[in-house]
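# Structural features, examined
As a plain string of letters, each chain reads:
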Amino acid sequence: MESIANKSSARKLPLIVVLLASAIGASSVSAQCVHGDLDGSGGVTLPDYAAFVDCTTGPHGDPAPPGCAPVDFDADTDVDLLDFGTFQRVFGVTHGMLFPNREFGVGDGPRSVAVGDLNGDGNLDLAVANRSSDNISVLLNRGNGIFGDDVLYGVGDGPTSLSVGDLDGDGDLDIAATNTGIPPDFSDSVSVLLNHGDGTFADHVTYGVEVAPRSVAVGDLDGDGDLDLAVANESSGNVSVLLNYGDGTFAVGVSHGVGDEPSSVAIGDLDGDGYLDLAVANSGYPDGYTVSVLLNSGDGTFADDLLYGVGPNPTSVAIGDLDGDGDLDLAVVNSGAFGGGYSVSVLLSGCVP
Ligand SMILES: [Ca+2]
Ligand SMILES: [Ca+2]
Ligand SMILES: [Ca+2]
Ligand SMILES: [Ca+2]
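For clarity, every value in this text was computed on a predicted model and none was experimentally measured.

Glancing now at the overall build of the protein chain. Per the secondary structure count, the protein chain includes three helices and 24 strands. Residue pairs in contact within the protein chain that sit at least 24 positions apart in sequence constitute 50% of those at least 6 positions apart.

Written out as structure tokens, the structure is:
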């Protein structure tokens with residue numbers, strides 16, 4: 001499963017998806033691009049956001065469309081949403097009907113959540129990175145959208161982002177988390193927690209990356225069948241790629257320069273050549289606000305990044321086929337600067353050389 005949101009502005013998700021809907025619908029956006037004819041695949045996270053957009057039309061009288069269930073925690077076929085700030089199950093949407101909040105406690109300073117069936121019972125569970133308490137909360141779904149008390153697993157300093165995937169290839173979902181630290185004491189590692197198979201996890205193992213890792217994504221970057229890690233290092237302005245030995249242990253990371261203050265990384269085959277590429281949101285201003293696209297040479301090494309301008313202070317990037325032409329596009333959350341500029345930038349793939 002992909003992480004729902006590796007972003008500091010995750011609380012704004014409901015607003016963001018509405019803005020995204022507006023952006024996708026704007027003919028001026030697609031008119032700027034000549035669409036390619038490539039067959040991309042993989043790394044699809046954005047259709048979940050698009051489905052959220054569709055579902056929010058329910059309260060205005062429009063029926064929820066078929067397939068409108070990107071995250072259905074209680075298996076009742078409707079869509080369950082999360083408020084990342086207070087970490088609540090906010091409401092389910094079934095043809096416009098809203099249900100009451102339910103809150104589930106986690107550690108201190110929750111900053112990111114990932115969804116996946118962590119104990120293999122068919123119900124989607126949660127993992128939350130708690131920046132202030134230096135741990136991960138795992139909440140197992142009882143099957144009705146009610147979660148048990150969280151179980152805490154210690155990681156490094158100040159975790160802010162996590163992703164789940166079967167890192168050791170034994171059929172269950174493991175966790176990778178970035179240890180960002182808390183300013184001015186930035187950290188420089190990622191933690192990997194391997195699943196025992198029942199939703200409990202072994203002690204974390206740390207791998208060094210560069211300064212202030214803020215986002216981690218998983219995908220098979222070298223094409224050998226196991227999941228590798230890509231980590232955006234905010235303070236060092238680069239991305240670390242850590243290749244998997246196949247057993248959930250990782251080689252020393254290789255760094256690739258990107259723009260200033262990279263805050264989010266996503267994985268997908270952006271040029272349609274069958275190899276997974278990287279998209280990185282660069283939140284710093286000195287070079288202008290940008291996203292970096294790093295194309296995979298096929299073996300997990302990457303060409304120099306291509307920079308594309310976006311709105312102010314981009315803090316999250318997601319990949320998906322936004323215009324339905326079969327190739328993968330980018331959506332970037334712009335958290336704004338100086339009290340304005342809150343928006344989503346949509347980059348359609350015909351614009352990517
Ligand atoms: Ca489960
Ligand atoms: Ca596993
Ligand atoms: Ca691999
Ligand atoms: Ca590619």
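Of all hydrophobic cores here, the largest spans 74 residues; its most connected members are A127, I136, A176, A230, V239, A279 and V280. Sequence-distant contacts of V280, defined by excluding residues within four places in its chain, comprise A232, V239, V258, P262, S264, V265, V291, S292 and V317.

The strand order across the open sheet built from four strands is β14-β15-β16-β17, with neighbouring strands paired in antiparallel fashion. Only two strands of the sheet have a single partner each, and these edge strands are β14 (213–219) and β17 (254–257). Adjacent strand axes in the sheet meet at a mean angle of 25° when their direction is disregarded. The pairing of strand β16 (residues 238–242) with β17 spans four bridges and is antiparallel. Looking at the pairing, N238 lines up with G257 of β17.

Here we take up the environment of S283. Tracing the chain through its elements places S283 in the loop between β19 (277–282) and β20 (290–294). Remark: the alpha-carbon pair of S283 and S335, spanning 52 residues in sequence, is separated by 8.9 Å. Ignoring any residue separated from it by four or fewer positions in sequence, one finds S283 in contact with E261, S263, N313, P314 and T315.

All right, on to the confidence of the model for the protein chain then. The predicted model of the protein chain has a mean per-residue pLDDT of 79, with 71% of residues at 70 or higher. Of the regions scoring below 50 in pLDDT, residues 1–70 engages in 138 contacts with residues more than four places distant in sequence or in other chains. The model gives residues 83–95 a pLDDT under 50, and that stretch makes 45 contacts with residues more than four places away or in other chains.

Our next topic: the sheet that holds β19. On the basis of which strands lie adjacent, the open sheet formed by four strands has the order β18-β19-β20-β21 and antiparallel pairing. For this open sheet the edge positions go to β18 (262–268) and β21 (306–309), each flanked by a neighbour on one side alone. Put simply, the sheet's adjacent strands are angled 20° from each other on average, direction ignored. Alignment of β19 against β20, held across five bridges, turns out to be antiparallel. Note on β20: the bridge partner recorded for N282 is T290.

A few words now on the pairing of β18. For β18, a buried count of seven out of seven residues is recorded, marking the element as mostly surrounded by other parts of the structure. Summarising the sheet, β18 and β19 pair through six bridges and their orientation is antiparallel. Across the sheet, the residue bridging to V265 is V280, located in β19.

A separate point is unusual backbone geometry. A cis amide bond links P183 to the next residue, P184, at an omega of 0°. Examined against the element boundaries, P184 turns out to sit in the loop between β11 (174–182) and β12 (185–193). Residue D134 is not a glycine yet carries a positive backbone phi of 55°. Among the structural elements, D134 can be located in the loop between β7 (125–130) and β8 (135–139). Of note, E261 is a non-glycine position whose phi angle comes to about 55°, a positive value. Looking at the secondary structure, you find E261 in the loop between β17 and β18.

On to the environment of L243. Examined against the element boundaries, L243 turns out to sit in the loop between β16 and β17. If we skip the residues at most four places from it in the chain, L243 touches L221, D222, D228, F250, A251 and G300.

In this section: the environment of D299. Along the chain, the position of D299 falls in the loop between β20 and β21. For the pair formed by D299 and G223, sequence separation is 76 residues and the distance between their alpha carbons is 6.6 Å.

Definitions and limits used
Residues numbered from 1 in each chain as written. Chains lettered and ligands numbered in written order. Predicted model: local features only at pLDDT ≥ 70, side-chain atom pairs only at ≥ 80, totals over all residues. Helix = DSSP H or I, 4+ residues; strand = E, 2+ residues; numbered from the N terminus. Contact = placed C-beta atoms within 7 Å. Core = buried A, V, L, I, M, F, W, Y, C linked by C-beta atoms within 7 Å. Buried ≥ 20, exposed ≤ 12 C-beta atoms within 10 Å, placed from the backbone. Pairing = 2+ DSSP bridges. Axes fitted to C-alpha atoms, helices over the stretch in contact; angles between N-to-C directions. pLDDT = per-residue confidence, 0-100.

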